[in-house]
Amino acid sequence: MQLAYEADSEIEGALVVRLGGALEVNGAAQLWTMASEQAGEDARFFLFDLSDVNIVTSAGIGVLVRLLVRLQGFGGAIAIFGCSDKICEVFRVVQLAEILQVSESEAEARRKLIS
């Protein structure tokens, strides 16, 4: 899995995380390592760009939920954008689309984080 992140230029305390490839067991472990090191008072909001992700397994979903719980402890949240129809459907089927704030666009994801 490819993983890159940067501070968001519009929301203080937010990171934009761009993922690519498969968000499965190995990718989920890689994501958790990065996210757990970054999450805290200075990084309470995570915007996930899944434009280049081709599969999300239960391990990937588990890491996103675990990270959300951790961020909520700091008053933070997660928003996801750019997912394919197939991946968006996975989030709907497991009833996490609203909880993980799956959005059509990056702008919409930002609005959900600050509302």
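Because the structure is predicted, anything quoted here is derived from the model rather than measured.

Enquirer: Before we go on, may I ask you to explain the side chain of Ser-103 in this structure?
Expert: Looking at where Ser-103 falls in the secondary structure, it is placed in strand β5 (residues 102-103). Within polar-contact distance, the side chain of Ser-103 engages the backbone oxygen of Gln-101 at 3.0 Å. When near neighbours in sequence (up to four residues on either side) are disregarded, Ser-103 contacts Ile-80, Phe-81, Gly-82, Glu-108, Ala-109 and Lys-112.

Enquirer: Would you mind showing me how to read helix α4 (residues 106-114) here?
Expert: In an α-helix, one turn spans 3.6 residues; hence positions three or four apart end up facing the same way. The set of residues buried in α4 consists of Ala-109, Arg-110 and Leu-113. Projection of α4 onto a plane perpendicular to its axis shows the buried side chains occupying an angular sector of 100 degrees, all on one side. Elements that come into contact with the buried residues of α4 comprise β2 (14-23), β3 (45-56), β4 (77-81) and β5.

Enquirer: For this particular structure, what's the right way to read the pairing of β2?
Expert: Each regular strand shows side chains that alternate between the opposite faces of the sheet. Of all 10 residues making up β2, 8 are buried, and the element is well covered by its neighbours. Direction of pairing for strand β1 (residues 2-7) relative to β2: antiparallel, over a ladder of 6 bridges. Bridge pairing in β2 places Ala-4 opposite Arg-18. Relative to β3, β2 is paired through 9 bridges, and the arrangement is parallel. Bridged to Ala-14 within β3 is Phe-45.

Enquirer: Please clarify how the sheet that holds β1 should be interpreted in this entry.
Expert: The strands making up a sheet associate through backbone hydrogen bonding, with each pair oriented either parallel or antiparallel. Ordered by their spatial adjacency, 5 strands build an open sheet running β1-β2-β3-β4-β5, and the pairing between neighbours is mixed. Here the strands that pair on one side only, and so sit at the sheet edges, are β1 and β5. On the sheet, helix α1 (residues 25-38) packs against β1, β2 and β3 and is oriented at approximately 170 degrees with respect to β2.

Enquirer: Whenever I open this one, the state of the cysteines confuses me. Can you help?
Expert: Covalent bonding between the sulfur atoms of two cysteines is what defines a disulfide. Enumeration over the complete set of coordinates arrives at 1 disulfide. Between the sulfur atoms of Cys-83 and its disulfide partner Cys-88 the distance amounts to 2.2 Å. Here the S-S torsion is close to 80 degrees, and the disulfide linking Cys-83 with Cys-88 is therefore right-handed. Like Cys-88, Cys-83 is buried.

Enquirer: I would appreciate a short explanation of unusual backbone geometry in the present structure.
Expert: One can expect most non-glycine residues to show negative phi and most peptide bonds to be in trans. A positive phi is found at Gln-95, a non-glycine position, where the angle reads about 60 degrees. One can find Gln-95 in the loop between α3 (85-93) and β5. When its relative accessible area of 66% is taken as the criterion, Gln-95 is described as exposed. Despite not being glycine, Gln-101 has its phi angle at roughly 50 degrees, a positive value.

Rules used in this analysis
Residues numbered from 1 in each chain as written. Predicted model: local features only at pLDDT ≥ 70, side-chain atom pairs only at ≥ 80, totals over all residues. Heavy atoms only, no water. Helix = DSSP H or I, 4+ residues; strand = E, 2+ residues; numbered from the N terminus. Polar contact = N/O pair within 3.5 Å; in protein donor to acceptor, adjacent residues only side chain to side chain. Contact = heavy atoms within 4.5 Å. Buried < 20%, exposed > 50% of the residue type's maximum accessible area, 1.4 Å probe, protein only. Arc of directions from axis to C-beta. Pairing = 2+ DSSP bridges. Axes fitted to C-alpha atoms, helices over the stretch in contact; angles between N-to-C directions. Disulfide = S-S within 2.5 Å.

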